[in-house]
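# Structural overview
The chain contents come next:
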Amino acid sequence: MAVVSWKEILLLTGLVVGCYWNSLSCGFVFDDVSAILDNKDLRPSTPLRSLFLNDFWGTPMAEERSHKSYRPLTVLTFRLNYLFSELSAASYHLLNVVLHAVVCVLFLRVCRLFLDRTSGLVAALLFAVHPIHTEAVTGVVGRAELLSSIFLLAAFLAYTKSTGADHSIVWTPIALTVVLVAAATLCKEQGITVVGICCVHEVFVAQGFTLPLLLDTLRHVLQGKDGFPYAVLQTLLKLIVLVISTLLLVIIRVQIIQSQLPVFTRFDNPAAVSPTPARQLTFNYLLPVNAWLLLDPSELCCDWTMGTIPLVESLLDLRNLATLMFYAFMGLLAYHSLRYRHSSAKIVIMALSLIVLPFIPASNLFFPVGFVVAERVLYVPSMGFCVLVAHGFKIVSQKGHLKKISWLIIGVLLTTHAVKTFNRNWDWESEYTLFTSALKVNKNNAKLWNNVGHALENQNNYARALRYFLQATRVQPDDIGAHMNVGRTYKNLNKSKEAEEAYLVAKSLMPQVIPGKKYATRVAPNHLNVYINLANLIRANESRLEEADQLYRQAISMRPDFKQAYISRGELLLKMNKLSDARDAYLRALELDRTNADLWYNLAIVNIEMKDPSEALKNFNHALELNPRHKLALFNSALLMQESGEPKFWPEANRRFLLYVEEEPQDANGYFNLGMLAMDANENAAAERWMRKAIGLQAGFRSALFNLALLYSQSKREIDALPVLDELLRHHPEHIKGLILKGDILMNHKKDTHGAKECFERILRMDPTNVQGKHNLCVVYFEERDLPRAERCLEETLALAPNEEYVRRHLSIVRGKMAAMSAAGHPLTATEGAAVLAEEEKPRSVKEEAEEGVVKGGEEGRGADDVGKGVGDEKNARKSSAESLEGVGEDQSESLEGSQPDKRTKGKSTNEIKDIEEKRAAALKRLEEIERILSGD
């Protein structure tokens, strides 16, 4: 056996790179979205064991909606890509190109077993550039084919070394073969077919049997004329080991899928649900269709489902001739290869085994699969095709007068295939380019029209997307998904009436329940989302909430394990304030999927609404155990810890907020709450830094601006607070507490009575009943030495707040002062009396205020189309810091400023109550001093 030289390796690698380098600029398209972008098994936060419990798309194998494609080793390579480059598509494509080059080299090594050096190289070169491989190499999910092929070829090469120089059995290569077969199968199911290829090689190549000789030997043994020759016994022993190992792999594989085949619909594979003879005629016709793609890969399409290939429903259909011609040609090749022992026969039999055996799992002949034709499943069968072409080239080139022509033909073939492959890669650049290129080949596939619509929808080009979705409904009027897409697009265009009509059409196309027949076996799981989408649409109308709930319950009755229905219904029940029912809905969903972090998060939100913060925190922690980087659980659990008022929780709350801002570095709310937490801990420098960061990210951030000003005021940096308050009032001129704080600073620290007066008057123009603003304006009048006006002002304030003792006392002081000055013969505007009062009587200021943080919304498990999100898509405003002591002798809870409807206040902790009492005592002491000074005067 000739080995592969370095020059040949470099030639093949260079050719692969030349054909596929432009694939590095392609993104994630088509099935890549589900396998890469939406697959949680790629994330480091997902336990590695999940790769061996879930299918290729990240769906638990036990779930009925699972595709049952078990390829954990392939997913592991995706995970390694994610570890090094996360979701950078170029790295995924680069690894696919490298793997294709490895396959080409291994294939050349295999060709050298039965082809001469030149023919083997021709076969490998043709395989390297064949356009049919574009889907397997440029499509990231095609890595399953690449990896499986590597292990398949390696297993075959290992098996060829299982016979020693003295024709004895060498068990180490056989053991290695079994391991490599298992690895190939864990990359893609067709890997197990290499066992059949090994058997064909052992019987017809290694042992040199022909079919007549094999039958004659078996007849002699059965008739007792001869015993088994020793070589035959050795062959049988090796084959028995291989077969038993294969059966064990099959049994394990069946156990993994729990003896259930995946559920496919007539839209995925129309022939699979067609009656006899249409099913058999169509499936057999697909064989020459696949063969033609290998012969003439000029028109390639990424999706051959639905109406791409019309059913062959009659024996009189002319397409049956193509089927007969295909079987005749393959039969002649098989007859030639099985009847003779010369090298040409051995080459042909190995080529046929590479074509036929790996294609059997995708042929639909023995069990239905989820597609009609798929170009990537031809990756391994194309090896046999390339061997046949190279062998034909060898035969023709040996005829002297055809040698140059044969070389010219091969050169043209390699060149045209390489150019076609290079150009085909550009089609995979984006979903829009991929699906529009497919429509040029096939306009009868509604799925393609839908997918172009999806691509435009992702670009927010809803008007154009709608045209493609409507065309899909015309091409396939009974396509439920197309009508759902139309409804969703109308909804995005704010055409609710048209959206509802489209959803109702989709709902009318759903199969009717047949008593005694399992509903789930007759409909794609994602089609049930029509009930979810319709309910999500109509529940925007408050008068139709019960109608929406009925739709959720209808979906659940059809499919009791429909997790998304429980999730969406839980959100609706929360909106209807049916908290216990909402909790029960989420608990039922958790029975179906306890590994869903979003479900635990939503349950925690329900606990908050039910005033059960300890249970909420416990469920937030469950979510974070499953997904330590769950952004919303990080944010809201930290906020809950902060609100508890327990300092022991603050370090963990701080850690979670820091993790949150790592995940969402552009969200000002995270930095704001870090600042509030630092304020609670009296870490003023850190609080200032976080508040500044929040304001830098969100100009005019009301809460951050006010609390930063408050921080400066409490830190005796009142002058620094003024520009912050100016910015706050520029963005929010109605901010009453900001005006009070600014007026206090202007009055007490800038001695600017005019500016302070303007602040308090603005407050009263917005809210004439604001006691604090009114009282502080009275103090300004006193400062201006206008005692009669101060008296009238305090009288008006007392009328607004007759139970406020401090207002009553201050009015008595002013009146007493006025009486004393009159008795002494001083005018009522005497400078000295006013000066004394102005020195002692300060405007009543906001002593402490912490405005609300924002509770983020809940993320749901991914559903099809526009399945509603869970609790939290609407932000819940929640208070995040200490209460405020806003006046002498009073304990007022601050009102929250958020624009959100669901506002919740927290109970005061022991430390907060103590702090409030201390401030009250200090205020009363100051009042006593004022009264003593005035009385003495």
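Residues numbered from 1 in each chain as written. Predicted model: local features only at pLDDT ≥ 70, side-chain atom pairs only at ≥ 80, totals over all residues. Heavy atoms only, no water.

Of the regular secondary structure elements, the protein holds 40 helices and two strands. Scored against the burial criterion, the 937 residues of the protein give a buried share of 54%. Intrachain contacts of the protein at a sequence separation of at least 6 include 67% that bridge at least 24 residues. Total accessible area on the protein stands at roughly 40400 Å², and carbon and sulfur atoms take up 59% of it. (Helix = DSSP H or I, 4+ residues; strand = E, 2+ residues; numbered from the N terminus. Buried < 20%, exposed > 50% of the residue type's maximum accessible area, 1.4 Å probe, protein only. Contact = heavy atoms within 4.5 Å. Areas by Shrake-Rupley, 256 points an atom, 1.4 Å probe, with all protein chains shown as cover.)

So, on to the state of the cysteines. One pass over the full model with this rule turns up one disulfide. Put simply, cysteine 778 and cysteine 793 are joined by a disulfide, and their sulfur atoms are 2.0 Å apart. Disulfide cysteine 778-cysteine 793: the torsion about the S-S bond is -85 degrees, which places it as left-handed. With cysteine 778 in helix α36 (residues 771-783) and cysteine 793 in helix α37 (residues 787-800), this pair connects stretches of sequence that are 15 residues apart. When sorted by exposure, cysteine 778 lands in the same class as cysteine 793, which is buried. Free of any disulfide, cysteine 111 has its nearest cysteine sulfur in cysteine 386, 8.1 Å distant. (Disulfide = S-S within 2.5 Å.)

On to the pattern of salt bridges. Opposite charge on two side chains permits pairing when their charged atoms draw close. Counted according to the given criterion, the structure contains 39 salt bridges. In this structure, the salt-bridge partner of lysine 563 is aspartate 593, at a minimum N-O distance of 2.8 Å. Within this pair, whereas lysine 563 is found in helix α24 (residues 563-575), its partner aspartate 593 is found in the loop between α25 (579-592) and α26 (597-609), the two being separated by 30 residues in sequence. Residue lysine 563 is classed as buried on the basis of its relative accessible area of 15%. A relative accessible area of 10% places aspartate 593 in the buried class. Its salt-bridge partner being lysine 631, residue glutamate 664 comes within 2.6 Å of it at the nearest N-O pair. (Salt bridge = Lys/Arg side-chain N within 4 Å of Asp/Glu carboxyl O.)

By the element assignment, cysteine 301 lies in the loop between α12 (278-295) and α13 (319-339). Exposure remark for cysteine 301: the relative accessible area of 1% places this residue in the buried category. When the C-alpha atoms of cysteine 301 and isoleucine 132 are compared, they prove to be 9.9 Å apart, with 169 residues separating the residues in sequence.

For the structure shown, the criterion picks out 16 aromatic pairs. Ring geometry for phenylalanine 107 and phenylalanine 127: centres 5.2 Å apart, planes at 45 degrees, overall tilted. A residue pair is termed long-range when its members are at least 10 positions apart, and phenylalanine 107 in helix α4 (residues 89-111) and phenylalanine 127 in helix α5 (residues 117-129) qualify at 20 residues. With respect to burial, phenylalanine 107 and phenylalanine 127 carry one shared label: buried. Seen from their ring centres, phenylalanine 635 and phenylalanine 657 are 5.7 Å apart, and the 75 degrees between their planes marks the pair as edge-to-face. (Phe/Tyr/Trp six-rings, centres within 6.5 Å; stacked < 30°, edge-to-face > 60°.)

With that settled, the discussion passes to the packing of helix α7 (residues 143-159) against helix α8 (residues 171-187). For the pair α7 and α8, interaxial distance at closest approach is 8 Å and the crossing angle is 170 degrees. Accordingly, the angle class assigned to the pair α7 and α8 is roughly antiparallel. α8 is crossed by α7, and the crossing has left-handed handedness. In this structure, α7 contributes Ala144, Leu147, Ser148, Phe151, Leu152, Ala154, Ala155, Ala158 and Tyr159 to the contact, and α8 contributes Pro173, Leu176, Thr177, Leu180, Val181, Ala183, Ala184 and Cys187. (Axes fitted to C-alpha atoms, helices over the stretch in contact; angles between N-to-C directions. Parallel < 35°, antiparallel > 145°, perpendicular 65-115°, else oblique. Left-handed = near helix turned anticlockwise from the far one by under 90°.)

Packed helices, taken two at a time, are described by the angle between their axes plus the distance between the axes. Taken N-terminus to C-terminus, the directions of α24 and α26 make an angle of 20 degrees; their axes are 11 Å apart at the nearest point. It follows from the interaxial angle that α24 and α26 lie roughly parallel. Once α24 is placed against α26, the crossing between them reads as left-handed. In contact with Lys563, Ile567 and Leu574 of α24, α26 contributes Leu599, Asn602, Ile605, Val606 and Glu609. A breakdown of the residues in the contact of α24 with α26 according to their chemical character gives five nonpolar, one polar and two charged. (Nonpolar A, V, L, I, M, F, W, Y, C, P; charged D, E, K, R; others polar.)

Side chains three or four residues apart in an α-helix point the same way, a direct result of the helix having 3.6 residues per turn. Given a rise of 1.5 Å per residue, 13 residues ought to cover 18 Å, and the 18 Å separating the end C-alpha atoms of helix α18 (residues 446-458) matches this to within 8%. With ten of its 13 residues buried, α18 lies for the most part within the structure. When α18 is considered as a whole, its buried residues turn out to be Ala446, Leu448, Trp449, Asn450, Asn451, Val452, Gly453, Ala455, Leu456 and Glu457. Those residues of α18 hidden inside the fold are in contact with α17 (431-441), α19 (462-475) and α20 (480-492). At the N-terminal end of α18, a side-chain oxygen is found 2.9 Å from the backbone nitrogen of lysine 447, two or three residues along, and the residue is asparagine 445. Note on α18: the residue one or two positions beyond its end, asparagine 460, has a positive phi of about 65 degrees. (Expected span 1.5 Å × (residues − 1). Polar contact = N/O pair within 3.5 Å; in protein donor to acceptor, adjacent residues only side chain to side chain.)

Here we come to helix α38 (residues 805-823). Along its 19 residues, α38 runs 27 Å from first to last C-alpha, staying within 8% of the 27 Å computed at 1.5 Å per residue. Residues of α38 that are buried include every one of Tyr806, Val807, His810, Leu811, Ile813, Val814, Lys817, Met818 and Met821, and no others. All buried residues of α38 fall inside an arc of 155 degrees around its axis, so they share one side. (Arc of directions from axis to C-beta.)

Here we take up a nonpolar patch on the surface. Together, Leu233, Leu236, Ile240, Ile244, Leu248 and Ile251 line one region of the surface with nonpolar side chains, adding up to about 530 Å² of accessible area. Note on leucine 248: relative accessible area 51%, which makes it exposed. (Patch = residues over 30% accessible without salt bridge, like charges linked within 9 Å, V, L, I, M, F, W, Y side chains within 5 Å.)

Here the focus is the environment of glutamate 796. Along the chain, the position of glutamate 796 falls in helix α37. In this structure the C-alpha to C-alpha distance between glutamate 796 and threonine 769, which are 27 residues apart in sequence, comes to 9.7 Å.

The omega torsion across threonine 276 and proline 277 is 5 degrees, close enough to zero to call that bond cis. Inspection of the secondary structure puts proline 277 in the loop between α11 (230-256) and α12. Its identity is not glycine, yet asparagine 682 carries a phi of approximately 60 degrees, on the positive side. By the secondary structure assignment, asparagine 682 is in the loop between α30 (668-680) and α31 (684-697). Relative accessible area serves as the criterion here: at 64%, asparagine 682 is assigned to the exposed category. Positive phi, close to 55 degrees, is recorded for lysine 751, a residue that is not glycine.

This part is about the side chain of glutamate 791. Along the polypeptide, glutamate 791 turns up in helix α37. Once you skip the residues sitting within four places of it in the chain, glutamate 791 turns out to touch Leu811, Val814, Arg815 and Met818.

What follows deals with the confidence of the model for the protein. Residues of the protein with pLDDT of at least 70 account for 84%, and the chain-wide mean is 84. Note that pLDDT drops below 50 for residues 919-937; the model gives that stretch 27 contacts with residues more than four away or on any other chain. (pLDDT = per-residue confidence, 0-100.)

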